[in-house]
Structure formats: structure tokens, C-alpha cells
Amino acid sequence: MFLNTVLVVLTDLAALLLGNTVFRKHFHLLLSVVVMIGPALSLWVSQHSIFAKRSHFLYRIFLRSGWGWTCIFVGSFVFLLSFSVRRSLSLSIRHLSRLGVAGGLWLGFCKLLDLLENTTGSCYEPLLAGPEVANGQPLLVLREGESKSECLKAGMLWRGYEVSEDVFLLCLCCLLLAEETAVFGPYLSLGGISGAPLRILFLFCVLLLWLWLFLLLCLLAYFPQFPTQLLGGALGCLSWRGLYQGWYRQGPSWYCPGRPGLGLLNTKTSSTEAEEAQQNHDHCN
């Protein structure tokens, strides 16, 4: 009983924050500020910290599989929420298709970024010994015909135009989590069914959002790479704006899954209240 009360209080507070109009309208601006000023934190953080090592378990377990973790928790939450309201598998699949579209966009951009880096970059072999070494810095010998993967596997250096895929992924996941979980606040205010499984999934999504924000700060502070990280953050924000602020606003159809919460915010309440809640939710989008 006590644990259930704690769960209800925590999820209600989180839903109130994520569903708040001010938070939803300005979260992307907050994320942009973090990406821009984050590298400046490298002046104050210690390079001997455990987070300064790429082998840290948070990077290995969560960052390398960031999209998978996001799909698991957000997909479970979206499916359970939509199916518990309408008992319609087709409606649940339509809401889940937003994750598929975002995933396809992320994979597509990753392929394009890899192609851009392989096209514009070059492989260099460092000369670590001999008279060619000057001021402790080895000279680099250009190696033609090497791809980035082959170059790095051979222990050589790759230099080229780069966009941080990690920052791109984290920014996109943060914005996606904020959009998909923001519907839970209006849903609860309309008396929607909110059993322990749904609340637990929502709480996991909130914790994942804060974890992605923490990892984003760690990357910016301990591994600053300007302007590649800035470009990655900009690409993530543009992807979110194109999907959630552009395409999804057109309404559900055979080519568009619609906005989060569409068709769900009218449970156990009068039609007038439901319309007002849906309009407020749409206005934030």
C-alpha cells in the first residue's frame, strides 16, 4: 500500500511537470542551451572522473543501445496506454508507428552521415619513431583508398567532416520521450485508467529521459568536440521539429500516424472537457 502511494505521488508529479505547457513549449530550447554551453563544462570537470572513460558501463550499456532502450520503454508505454483506453490494436499500432518513423529517420541520417564522412575524410598513418617526429607530434602519412572502418581497424587516424551521432541520438530521444510522455498528465486529469503497470512504465520513461540528459551532459563535458556535437544537436532538434511540429500535426491518415494522445484524451469525462483537454494538448504541440 505504501509503495503504491509512493508510485502514485511520483508519477503524478512527473506527469504534472511533463504535461505543463511551459515545459513542453520550452524544453527544446533548454536542450539547445545545454548543447551549446555543455562543452564549456570541460573547464571545470576532472578528467580523472569515472565518466571521463568511454569504457564506463553507462556508455557501454545505455549509450550504444540508446535507440533500443527508448523503443522498449516508450513503445511499451504508448501501447499499454492506447490499448487500455480503446482496446483497439489498430489504434495502438498507429501510435506505435511514430517510433518506427523516428527510427527510420535516425537510421537514414546515420547512413548519410557515414557516407559524408567517408567521402570527405582521409586516412593517415602516424610515424611514431624516427627523425620525422617533431616536437613530440608524429608526422602523418596519407593512405589512399581506405574507408573509415578499415582505417580505424588498422590503428590509423581518420580525419574528416563529422557530425556527432551520439549527441544527435540523445537529443532526438530526449525530445521524443518528452513528447510521448506529455500526454499522461492530461490523461490522468480526465480520469483515465492508471494501474500500477502503466504508472511504472511511465516512471521508467521519465527516468530514461533524465538518464539521456545526464549522458548528454557527460559527453559534452568530458568529450567536447566542437562543432561536431553542435551539429548533432541541431540535427536532432530539426528531426523532432519536422516530425512532431510538422508532419504529425496533419492528423491521422494512411501516411501520417498523428500526434501523441490523439483519440485518447476523452476517457470518463464529458465531451466538452475532453475537447478542451485535446485542444490544450494540441496547442502545446
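Per chain, the residues get numbers from 1 upward, laid out in the order the sequence is written. Confidence filtering applies because this is a predicted model: local features only for residues at pLDDT of at least 70, side-chain atom pairs given and counted only at 80 or more, and all residues used for totals across whole chains, interfaces and linings. Only hydrogens and water are set aside; all other atoms, that is, all heavy atoms of the structure, feed into the side-chain values.

1. Section: the packing of aromatic side chains
Any two of the Phe, Tyr and Trp rings considered here, Trp counted by its six-membered ring, make a pair once their centres fall within 6.5 Å; the pair's planes then place it as stacked at under 30 degrees, edge-to-face at over 60, or tilted in between. Applying the stated criterion to the full structure yields 16 aromatic pairs. For the ring pair Phe62 and Trp69, a centre distance of 5.1 Å and an interplane angle of 35° mean the geometry is tilted. Whether a residue is buried, partly exposed or exposed follows from its accessible area with a 1.4 Å probe, protein chains only, as a fraction of its type maximum: under 20%, in between, or over 50%, in that order. Here Phe62 falls in the buried class, since its relative accessible area comes to 19%. Here Trp69 falls in the partly exposed class, since its relative accessible area comes to 25%. Of the aromatic side chains, those joined through ring pairs into one cluster are Phe62, Trp69, Phe73 and Phe204.

2. Quick look at the state of the cysteines
Here, two cysteine sulfur atoms that lie within 2.5 Å of each other are counted as a disulfide. On inspection of all chains with the given rule, the structure shows one disulfide. Disulfide partner of Cys123: Cys151, at an S-S distance of 2.2 Å. A torsion of 85° about the S-S bond marks the disulfide between Cys123 and Cys151 as right-handed. On the criterion of sequence distance, the pair formed by Cys123 in strand E1 (residues 122-127) and Cys151 in helix H6 (residues 148-153) is long-range, its members being 28 residues apart. Residue Cys173 stays outside any disulfide, its sulfur separated by 7.2 Å from that of Cys174, the closest cysteine. Here Cys174 is not cross-linked by a disulfide; its sulfur's nearest cysteine counterpart is in Cys171, at 6.6 Å. Strands are runs of DSSP state E lasting at least two residues, helices are runs of H or I lasting at least four, and both sets are numbered from the N terminus onward.

3. Let's talk about the nonpolar core
Joining through side-chain atoms within 4.5 Å is the link that ties buried Ala, Val, Leu, Ile, Met, Phe, Trp, Tyr and Cys residues into a set, and such a set is a nonpolar core. The biggest cluster of nonpolar side chains holds 71 residues, and the ones touching the most others in it are Phe77, Trp212, Leu215 and Leu216. Per-element tally for this core: the top contributor is helix H9 (residues 196-222), with 17 residues.

4. Some remarks on the layout of surface pockets
By volume, the largest pocket is sized at about 550 Å³. Grid spacing is 1 Å over the protein atoms alone, the probe is 1.4 Å, and a cavity is where that probe fits but cannot get out, while a pocket is an open set with protein on both sides within 12 Å along at least five of seven lines and lining residues have an atom within 4 Å of a point. Lining the largest pocket are 24 residues, and of these Arg54, Lys148, Glu162, Glu165 and Asp166 sit closest to its centre. Breaking the lining of the largest pocket down by element, the ones donating at least two residues are helix H3 (57-63), helix H4 (66-86), helix H5 (89-120), H6 and helix H7 (165-181). Charged residues are taken to be Asp, Glu, Lys and Arg, nonpolar residues to be Ala, Val, Leu, Ile, Met, Phe, Trp, Tyr, Cys and Pro, and polar residues to be all remaining types, Gly included. Partitioned by chemical class, the residues of the lining of the largest pocket number 12 nonpolar, four polar and eight charged. Grid points are joined across faces, edges and corners, and a volume is the space filled by probe spheres set on the points.

5. Points about H7
Here, expected helix span is obtained from the residue count minus one, scaled by 1.5 Å. With 17 residues, H7 extends 24 Å from end C-alpha to end C-alpha; this agrees with the ideal 24 Å at 1.5 Å per step. For H7, the buried fraction is high: 15 of the 17 residues fall into the buried class.

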